[in-house]
Amino acid sequence: MSSSTSTSEHAPEQEARDAAVYRRYGFVLAGLVCGALAAVAVFLYAVDPEGTHEEGDGGALHAYRDVLNRRGRAHLLANGPWDAALIGSSRVALGYDTDAYGLRGGRTANVGLMDTNLWELVRVAEYALEVAHVPLIVVFVDLHCMSSRRKTNFDFERSDFDRVDDEGPLEHFDEDEGELLSLHEIERAFSTLEARSAGRARVGRNGVDRRELPEGHRYREDTAEHLLRVYLANPGTYLNFEYGADRIDELERFVARARAAQSQVVLVMPPKHALQMECMTQIELWDDFERLKRDLAGVASRQTTLVLDFAAHHEHALERMPRDDEPGARMQHWFDSSHGTPELGRLVLARVDAALEGRAQEAPLFGVALDASNVEAHLVQCRSARDAWRAANRDERVWISNVIHDDRLLRLLPPFARR
Amino acid sequence: MSRRRGSRPRRKSPRTSDERFRLLFNSYTFVLLYLPATLLGCFALARWAGRAQVVAFLVIASLVFYGWWNPGHVALLSASLVANYALGRTIARAAPASRRAWLSAGVVANIALIAYYKYAGFFADTVNALAGTQWSFGAVALPLGISFFTFQQVAYLVDSYRGEIHDEQHGFLEYCLFVTFFPQFIAGPIVHHAEVLGQFRDRRVFLPRADDLTVGASYFFVGLFKKVALADPVAAYARPTFTYALNGGQPTFAEAWIAALAYSLQLYLDFSGYSDMAVGLARMFGVKLPMNFDSPYKALDIADFWRRWHMTLSRFLRDYVYIPLGGNRRGESRRLVNLMATMLIGGLWHGAGWTFVAWGALHGAYLVVHQMWRRTLEQFALPRLPASVANTLSWSITMLAVVVAWVFFRAESFDAAWRILGAMSGITGFSLASSVGRVEPGLWILALGVLCVAFPNTAEFFAREKPVVEFARIEQRRPWLAALVWRPNVAWAVLIAALGTYSILRLHQASEFLYFNF
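Residues numbered from 1 in each chain as written. Chains lettered and ligands numbered in written order. Predicted model: local features only at pLDDT ≥ 70, side-chain atom pairs only at ≥ 80, totals over all residues. Heavy atoms only, no water.

Caption draft 1: Region of the structure containing the overall build of chain B. When helices and strands are counted, chain B shows 22 helices and zero strands. Computed over its C-alpha atoms, the radius of gyration of chain B comes to 24 Å, within 12% of the 24 Å expected for a compact globule of 518 residues. Burial statistics for chain B: of 518 residues in total, 57% are counted as buried. Residue pairs in contact within chain B that sit at least 24 positions apart in sequence constitute 77% of those at least 6 positions apart. If you sum the accessible surface of chain B, you get close to 21000 Å²; carbon and sulfur atoms cover 65% of it. Each charge sign in chain B was given a centre, from 49 positive and 30 negative side chains, and these centres are 4 Å apart. (Helix = DSSP H or I, 4+ residues; strand = E, 2+ residues; numbered from the N terminus. Rg over C-alpha atoms; globule rule 2.2 N^0.38 Å. Buried < 20%, exposed > 50% of the residue type's maximum accessible area, 1.4 Å probe, protein only. Contact = heavy atoms within 4.5 Å. Areas by Shrake-Rupley, 256 points an atom, 1.4 Å probe, with all protein chains shown as cover. Lys, Arg positive; Asp, Glu negative; His and termini not counted. Charge placed at Lys NZ, Arg CZ, Asp CG, Glu CD.)

Caption draft 2: Looking closely at the environment of Pro270 of chain A. Residue and element names in this part refer to chain A. The topology assignment puts Pro270 in the loop between strand E4 (264-269) and helix H10 (274-282). According to the relative accessible area criterion, Pro270 is buried, its value standing at 4%. Spatially, the C-alpha atom of Pro270 lies 9.3 Å from that of Gly88, the residues being 182 residues apart in sequence. Discounting chain neighbours no more than four positions away, the residues touching Pro270 are Tyr96, Phe140, Val141, Asp142, Phe310 and Ala311.

Caption draft 3: Up close: the side chain of His314 of chain A. Positionally, His314 of chain A belongs in the loop between strand E5 (306-309) and helix H12 (342-356). Dropping the residues within four chain positions of it, His314 of chain A is found in contact with Pro271, Pro364, Leu365 and Phe366 of chain A.

Caption draft 4: Broad picture of the nonpolar core. One finds Phe30, Phe206, Phe220, Phe285 and Trp406 of chain B to be the most contacted residues of the largest nonpolar core, which totals 165 residues. Considering every element that reaches this core, the biggest residue donor is helix H12 (residues 253-284) of chain B, with 18 residues. Among the nonpolar cores identified, the runner-up in size contains 56 residues, and Ala125, Tyr243, Leu292 and Val299 of chain A belong to it. (Core = buried A, V, L, I, M, F, W, Y, C linked by side-chain atoms within 4.5 Å.)

Caption draft 5: Molecular detail of H10 of chain A. All names here are of chain A. The buried fraction of H10 is high, at eight of nine residues. For H10, the complete set of buried residues consists of Ala274, Leu275, Gln276, Met277, Glu278, Cys279, Met280 and Thr281. On its buried face, H10 is in contact with helix H8 (219-232), helix H11 (286-303), helix H13 (375-392) and helix H14 (394-404). Just downstream of H10, Glu284 is the residue with a positive phi angle, here 60 degrees.

Caption draft 6: Examining the pairing of E5 of chain A more closely. Residues and elements named next belong to chain A. Covered by surrounding structure in E5 are Leu306 and Leu308 together with Val307 and Asp309, the residues of both alternating faces. Inspection of the sheet shows E4 paired to E5 by four bridges, in the parallel sense. Across the sheet, residue Val266 finds its bridge partner in E5, namely Leu306. Examined bridge by bridge, E5 and strand E6 (residues 368-369) share two bridges and lie antiparallel to one another. Across the sheet, Asp309 pairs through a bridge with Val368, a residue of E6. (Pairing = 2+ DSSP bridges.)

Caption draft 7: Seen up close, the packing of aromatic side chains. Taken as a whole and assessed by the stated rule, the structure comprises 60 aromatic pairs over all chains. Measuring from ring centre to ring centre gives 4.9 Å for Phe271 of chain B and Phe293 of chain B, while their planes differ by 80 degrees; the resulting arrangement is edge-to-face. Highlighted residues: Phe271 of chain B in helix H12 and Phe293 of chain B in the loop between H12 and helix H13 (302-308), separated in sequence by 22 residues. Across the pair, Phe293 of chain B and Phe271 of chain B agree in class, each one buried. Here the basic side chain of Arg123 of chain A rests over the ring of Trp119 of chain A, its NZ or CZ set 4.5 Å away from the ring centre. (Phe/Tyr/Trp six-rings, centres within 6.5 Å; stacked < 30°, edge-to-face > 60°. Lys NZ or Arg CZ within 6 Å of the ring centre and 35° of its normal.)

Caption draft 8: Up close: the packing of H12 of chain B against helix H17 (residues 387-410) of chain B. All names here are of chain B. The N-to-C vectors of H12 and H17 enclose an angle of 90 degrees; their axes lie 9 Å apart at closest approach. The orientation of H12 relative to H17 falls into the category roughly perpendicular. Of H17, the residues touching H12 (which contributes Trp257, Ala260, Leu261, Tyr263, Ser264 and Leu267) are Leu400, Val403, Trp406, Val407, Phe409 and Arg410. Of the residues in the contact of H12 with H17, the class split is ten nonpolar, one polar and one charged. (Axes fitted to C-alpha atoms, helices over the stretch in contact; angles between N-to-C directions. Parallel < 35°, antiparallel > 145°, perpendicular 65-115°, else oblique. Nonpolar A, V, L, I, M, F, W, Y, C, P; charged D, E, K, R; others polar.)

Caption draft 9: Fine view of the pattern of salt bridges. All names here are of chain A. This structure, assessed with the given rule, holds 38 salt bridges over all chains. Glu126 is the partner of Arg123 in a salt bridge, and the nearest nitrogen-oxygen pair spans 3.2 Å. Of this pair, Arg123 and Glu126 both sit in helix H4 (residues 118-130), three residues apart, which is roughly one turn of that helix. In this structure, Arg123 and Glu126 share a single accessibility class: buried. In the salt-bridge network here, residues are joined through shared partners; they are Arg123, Glu126, Glu250 and Arg257. (Salt bridge = Lys/Arg side-chain N within 4 Å of Asp/Glu carboxyl O.)

Encoded structure:
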């Protein structure tokens, strides 16, 4: 009996001791978790690897951030104001130095997206129109962006570009504030600091991709690799290519909306090197290539918008590509057969400016303003220029043929596609 | 030129449109806003108001949790709660002659509800496929967790009929909390009224107790870690192959096995992670939930597997389907038929698709074969293998059967399932080529497999705290765990803090829980 009484008397003391043990555990656990999360949040806010908080560092780290992804591009656009925006694929990101040349002399955003498609570009253009209120929007339309088989990039879904009307509070908190508690962002923050300490700028003030060609760059090898990996082995592009006519309809609807909103839209078919166009000829995509030009010319006529075609055998497209045993040789206008240098980009932008001002075209086939009335004649000219190049460049045709039939293509294909 | 500054838009999450609006346990909003706010509200009311106010607050909080996804469905849920509570009362008080009629009406009404929301499209598609018609019920949005709360309420009606529920045990608000309590509402565990209604009246429940909060938070972090750090990454090795097969591709031998094993692990870690989170969350409020997983991949036979996998569903199917069908009381043949019927219903419960029915049928067949094998062993006294050999053999056969069945569970069409099973069997060759890699997925599968098979489960690690309802039998079964169990000391705090912090930092990649679809 006494023992039982003693036990019951001691029970509250024991309970209190136990509670103290649990409380201590709880404080350590909560302190560690909250402390670690707070440290991460402060670190990410300070480094801001996504370029989200423009007020953070006053732009000191901007050039070193890897903000060439969709999220970074959306932040760039939203953090305007912009007088113009260039929207397109990696050709735009690499080839148009908008820090050095702005359309109409204004501030021009470079919104080049890696591995994109026309569906996505239209969404980005809508964003530029409706969110960033950009008065001049230039959309670069490439044939390889046309396939209806291409999927949306996951990065796009994480970005502001994919904003929707029916959103609730969940994603706002999760996505905006969540950036400050993200493991992925920690990696990116360290990468930013590493680039800063190495003095390796990645992106220009207005969004141009500052990557440079490595020493001893081999143009032929790079071009072959690009053709194989990007154009021939990518199931979303030329392999199983399928022309998505609905994409043009979407683009046209956007142009109409922009007109109604008093914004100007220019559609540009960016330049391609003759080797690239030879590849398209040999893999029988030339008809689709012409179809795209016809479709865009139709948009130009129906929407009275400016469509400029740079994808033809003009003088810059014919620049000789060095052999790989000429390591010191540099091309003036090309990184490879489809990515032009900022020097070529400057010529393109100057031509766009001239066309906007109504000045006449100076160089043949370089930036021809298309509409329904001249497109057929223009296509005949393009074909003729192409045939002339083919007749004069048999070796290059053979080289392209060899690339297309290179065994590397098979190795680069995913196993599913190989079987 | 216009220089208007761009307005910052809200951002869309990487999840699909439906998923984005669910207040998932693995979201920043839940972990950093909803949960702390609900705990604070509950504790404040427990301290300064009465029990009824606490229960009402938790019901409202749970409805907010539910309505976050689709506020429109809160009305449907509320109607279901009112109707079932009223029916339960009516059944309990009705004269014996009319009780059965009320019960039938209640069960039919619940089944009609779930049939409309979950199975109408499936039914129409099946009829259309057979008859070549174009029949349609239109687009019907599936209310989140309908399978779970319907089962829970059907069980309540049946127990009312059996006289196991008494008026004085609970009021309407407590009933609502029993069904909607947010930790277990969306994806279980499927709670039996006897397990929680009594707890809701316990004076120690809903108070801020250091032991409940610390045990609950630690349990929650373990579950969160299982979900975001283990289940989600391994899903990357299953998804491409199942998608490829769905699109008509023929995976290789290696790809098919990697996909099937990765999915088996993903599903277990995902669902058991969710269940751990549910148990931990409830414990923070002082409530204990039933155990839902007991290391199912350690099972030595298929019946053992079903005693360990989704235990509360197995219990429901046993108590409210198998036994009412007659169980084993009407002879061996009828028992086998009942087993098969129960598993078919279990399969269909998981999803409105023939692949789920096939999955249920397979497990039904496994159980039938297992039952017949046991009878054969008993009757003919066959020579026994050494225990270690027999255990290894039976574990291997069981796991093979389970993994094969998961292929039907995961595949979105029969064609896709057959392609993957064909590749696993070697019919299409034994190519080791794999587009998802071999070494990395192999290491993931090996590591997670060892974790699932050789390590204690979460409840066993927390054995000292008796974290779940009816934990005693688990505790008694594994006395050797004493050295490994969780204790409220600094070492465990550091370990759990590391798991929790890492998991929270991965939430931006979080995906939905698989069982939210069911």
